[in-house]
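# Secondary and tertiary structure notes
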Amino acid sequence: MSAIEQLIAGYRRFRGGYYEANRERLVDLARYGQSPRIAVVACCDSRVDPAVITDSTPGELFVVRNVANLVPPCEGEGIWHGTSAALQFAVCGLEVEDLVVLGHARCGGIRSLLEGPGGDRAGDKFIADWMSVADEARKRVLDRADLPTLEEQAHACELAAIEISLANLETFPWIRERTEQARLHLHGWYYDMMSGDLLQLDASSGRFVSV
Ligand SMILES: [Zn+2]
């Protein structure tokens, strides 16, 4: 069976199984619209599906996925701001109460940030330009003497990139206004698919701790 045939077979199982079993709720969502209370910024990585990790169902999570789960700073240059547009809709349109930046272990985007662009292929430019959002994380990690291996550097960089994305969220005036009024809460999470552990950034200690 080809990959696309597998996908269609999966859809048919969903249509006859989950969809039928939850038809009333799914039709209500279609009829009355979505009202998720949580937005998540996650990586495109196929191993890190926020709905699977949190056992969530359709309508519960508003999910933005991009390479390395980065949030760029609020800036007016350029016009194709997919992540910023999705965040604006989640925050101003849906008025979500919580916004989670969900990082993960063994992130290919973070690895490419540490290793530098992998050649002169045209596609690499897009990844390198995008990953420059997390340049500060790379600098912080390379300045540390206690991270001798690339694995340790990558892990530290994955965590630092989450902190930078959280700081960048506060550069959007409509986010800062809501966090100051405690109408919106920001969270940094980190999922390790090897151990299954989920960590969250503790605001008081500045450390990532198990949930
Ligand atoms: Zn990733």
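Scroll up a little and you will see the structure.
Cut-offs used in this document
- Residues numbered from 1 in each chain as written.
- Predicted model: local features only at pLDDT ≥ 70, side-chain atom pairs only at ≥ 80, totals over all residues.
- Helix = DSSP H or I, 4+ residues; strand = E, 2+ residues; numbered from the N terminus.
- Expected span 1.5 Å × (residues − 1).
- Buried ≥ 20, exposed ≤ 12 C-beta atoms within 10 Å, placed from the backbone.
- Arc of directions from axis to C-beta.
- Pairing = 2+ DSSP bridges.
- Axes fitted to C-alpha atoms, helices over the stretch in contact; angles between N-to-C directions.
- Contact = placed C-beta atoms within 7 Å.

### Some thoughts on helix 1 (residues 3-16)
Think of an α-helix as turning once every 3.6 residues; residues three or four places apart then point the same way. Taking 1.5 Å per residue, 14 residues should reach 20 Å; helix 1 reaches 20 Å between its end C-alpha atoms and fits that length. Counting buried positions over the 14 residues of helix 1 gives 0, only a small fraction of the element.

### Topic: the environment of Asn66
Among the secondary structure elements, Asn66 is positioned in strand 2 (residues 61-66). Note: C-alpha distance between Asn66 and Ile110 (44 residues apart in sequence) is 12 Å.

### Re helix 6 (residues 108-115)
All buried positions along helix 6 are accounted for by Gly109, Ile110 and Leu113. Around the axis of helix 6, the buried residues are gathered within 95° of arc, so they sit on the same side. One or two residues past the end of helix 6 sits Gly116, with phi positive at roughly 85°.

### Digging into the sheet that holds strand 2
Strand order in this open sheet of 6 strands is 2-1-3-4-5-6, and the pairing throughout is mixed. Looking along the sheet, the strands with just one partner apiece sit at the ends: strand 2 and strand 6 (207-210). With direction set aside, neighbouring strand axes in the sheet form an average angle of 30°. The pairing of strand 1 (residues 38-43) with strand 2 spans 6 bridges and is parallel. Bridge assignment links Val41 to a residue of strand 2, and that residue is Val64. Along the sheet, helix 5 (residues 82-93) contacts strand 1 and strand 2; its crossing angle with strand 2, the most-contacted strand, is approximately 170°.

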